[in-house]
Amino acid sequence: MVKFLTGPLSTAGNLFAFGADVLLAVFRRPFQFREFVQQAWFIASVTIIPIALVAIPFGAVVALQTGSLVQQFGAQSFVGSAAVLAVLREAAPIATALLVAGAGGSAIAADLGARKIREELDAMMVLGIDPIQRLVVPRVLACMLVAVFLNGLVSVVGVLGGYIFNVVLQGGTPGAYLASFTALAQTPDLYQGMAKALVFGLIAAIVSTYMGMHADGGPQGVGQAVMESVVITFLLLFMANFVMSALYFQLVPSKAL
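Residues numbered from 1 in each chain as written. Predicted model: local features only at pLDDT ≥ 70, side-chain atom pairs only at ≥ 80, totals over all residues. Heavy atoms only, no water.

### Considerations on the pattern of salt bridges
Opposite charge on two side chains lets them pair, provided their charged atoms get close. Where we set the bar: Definition used for salt bridges: Asp or Glu carboxyl oxygen within 4 Å of a side-chain nitrogen of Lys or Arg. The numbering of helices and of strands both runs from the N terminus, where a helix is a DSSP run of H or I of at least 4 residues and a strand a run of E of at least 2. We call a residue buried when its accessible area falls under 20% of the maximum for its residue type, exposed when it is over 50%, and partly exposed in between, using a 1.4 Å probe and counting protein chains only.
Counted according to the given criterion, the structure contains nine salt bridges. In this structure, Arg-139 engages Glu-35 in a salt bridge whose closest nitrogen and oxygen atoms are separated by 3.0 Å. Here Arg-139, found in helix H5 (residues 131-169), pairs with Glu-35, found in helix H2 (residues 33-72); they are 104 residues apart in sequence, far enough to count as distant. Just as Arg-139 is buried, Glu-35 falls in that class too. Ionic pairing is found between Glu-120 and Arg-115, a salt bridge with its closest N-O pair at 3.6 Å. With a relative accessible area of 28%, Glu-120 lands in the partly exposed category. Overlapping salt bridges, with partners in common, bring together Glu-35, Asp-111, Arg-115, Arg-118, Glu-120, Arg-134 and Arg-139 in one network.

Following this line, the structure appears as structure tokens:
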């Protein structure tokens, strides 16, 4: 019973300490720029097509739901603004985080887990090479960078998808949809979405690298580490999303009509 209660707390503490080590290692030199570019390209290559395909139904669902809700209140002229707010604030960062964690994060955990069971990480430490600086830092920064760019892609595709579905399926007018963009939306909404994507990319990278570097038990242990990294990342992402949204609504007042 004691182990059942202390196990998650121990993992949370180790994960926090690992994140602190990564933060300190960011400022150490030399910086592994080549590894950073390779990892950024790899993460983008495995996520850009799925996230583009997911962004279209995300934008469509958001447009349909917000459009139906707004029309019930007789405010059809604000459909575009409501859809843009939903996509920029919530849909785009969440979709980006889920795919970065599910595709990129799982690949990172599997790669580092395979290195762990082959004792490559131990060999690096014997040679005086810090695995965190050499392997983890480039992957963390690459995840954060790619998450921000993918968030912009999802935002654009989601808004366009919402526009198409609102005009085609809900009978909205293109002019009213476009004209209402600035009715409720404001520039800090865009900044919030980018900040969320940056933080979500950081969380996904920290969790996946930690689980990969602490995998044990052979190939089965690597698979277990990959699964646990995805589950833990999803839980932390939704918690972080709630905290950041609550802080945003407290610090940034809503735009008055």
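What follows continues from the structure just given.
### Focus on the packing of H5 against helix H8 (residues 187-213)
Our working definition: To get an axis, a line is fitted to the C-alpha atoms, and for a helix only the part in contact is used. The angle between two axes follows their N-to-C directions and goes from 0 to 180 degrees. In this scheme, a crossing is called left-handed if the near helix is turned counterclockwise away from the far one by less than a right angle; it is called right-handed if the turn is clockwise. Whether two residues touch is decided by their heavy atoms; if any such pair falls within 4.5 Å, the residues are in contact. By the convention adopted, Pro, Cys, Tyr, Trp, Phe, Met, Ile, Leu, Val and Ala count as nonpolar, Lys, Arg, Asp and Glu as charged, and the other residues, Gly among them, as polar.
At a closest axis distance of 8 Å, the pairing of H5 and H8 adopts a crossing angle of 150°. For the pair H5 and H8, the sense of crossing is right-handed. Counting all contacts with H5, which are made through Pro-131, Val-136, Arg-139, Val-140, Cys-143, Met-144, Ala-147, Val-148 and Asn-151, the residues of H8 involved are Gly-193, Met-194, Ala-197, Leu-198, Gly-201, Leu-202, Ala-205, Ile-206, Thr-209 and Met-213. Considered class by class, the residues forming the contact of H5 with H8 number 14 nonpolar, four polar and one charged.

### Here we look at the packing of H8 against helix H9 (residues 218-251)
So the rule is basically this: Each angle gets one of four labels, with under 35 degrees taken as roughly parallel, over 145 as roughly antiparallel, 65 to 115 as roughly perpendicular, and the rest as oblique.
The interhelical angle for the contact between H8 and H9, taken along N-to-C directions, is 155°, at an axis separation of 9 Å. When the interaxial angle is binned, H8 and H9 end up roughly antiparallel. Judged by the twist between their axes, the crossing of H8 over H9 is right-handed. Where H8 abuts H9, its residues Pro-188, Asp-189, Gln-192, Ala-195, Lys-196, Val-199, Phe-200, Ile-203, Ala-204, Val-207, Ser-208 and Met-211 lie against Ala-225, Glu-228, Ser-229, Ile-232, Thr-233, Leu-236, Leu-237, Ala-240, Asn-241, Met-244, Ser-245 and Tyr-248. Among the residues making up the contact of H8 with H9, the classes are represented as 15 nonpolar, six polar and three charged.

### Side note on unusual backbone geometry
Residue Pro-30 is bonded to the preceding Arg-29 through a cis peptide linkage, with omega at 5°. Note on placement: Pro-30 falls in the loop between helix H1 (2-25) and H2. For Glu-119, which is not glycine, the phi dihedral falls at a positive 65°.

### Some words on the packing of aromatic side chains
Going by this rule: Classification of ring pairs rests on two measures: the distance between centres of Phe, Tyr or Trp rings, Trp counted by its six-membered ring, which must be within 6.5 Å, and the angle between planes, read as stacked under 30 degrees, edge-to-face over 60 and tilted in between.
Evaluation of the coordinates by the stated rule reveals four aromatic pairs. Ring geometry for Phe-18 against Tyr-210: centres 5.5 Å apart, planes inclined by 65°, an arrangement best described as edge-to-face. Of the two residues, Phe-18 sits in helix H1 while Tyr-210 sits in helix H8, which places them 192 residues apart along the sequence. With relative accessibility at 5%, the residue Phe-18 sits in the buried group. By relative accessible area, which is 7% here, Tyr-210 ends up buried. Between the aromatic rings of Phe-31 and Phe-36, the centroid separation amounts to 6.0 Å while the plane-to-plane angle is 55°, which identifies the pairing as tilted. Every member of this aromatic cluster is reached through a ring pair, and the members are Phe-31, Phe-33 and Phe-36.

### Notes on the nonpolar core
What counts, and what does not: What makes a nonpolar core is a set of buried Ala, Val, Leu, Ile, Met, Phe, Trp, Tyr and Cys residues whose side-chain atoms join them at distances within 4.5 Å.
Of all hydrophobic cores here, the largest spans 56 residues; its most connected members are Phe-18, Val-22, Ile-132, Val-136, Val-140 and Phe-200. Of all the elements in the fold, those that place two or more residues in this core are H1, H2, helix H3 (79-117), helix H4 (120-126), H5, H8 and H9. Every residue in contact with Phe-18, bar those within four places of it in the chain, is listed here: Ile-132, Val-136, Ile-206, Thr-209, Tyr-210 and Met-213.

### What to know about the environment of Met-194
When you line up the elements, Met-194 lands in helix H8. By relative accessible area, Met-194 is classed as partly exposed at 36%. Among residues more than four places away in sequence, those in contact with Met-194 are Val-148 and Asn-151.

### Considerations on the UniProt feature "transmembrane region" (unreviewed entry) in the chain
Heads up, the condition is: UniProt positions are given in the numbering used here, feature names are shortened, and annotations may be inferred rather than shown by experiment.
According to UniProt, the "transmembrane region" (unreviewed entry) feature falls on residues 12-28, 40-64, 94-114, 135-157, 163-185, 197-213 and 225-249. Helix makes up 100% of residues 197-213 and strand makes up 0%, while its end C-alpha atoms are separated by 24 Å. In residues 225-249, helix accounts for 100% and strand for 0%; the two terminal C-alpha atoms are 36 Å from one another.

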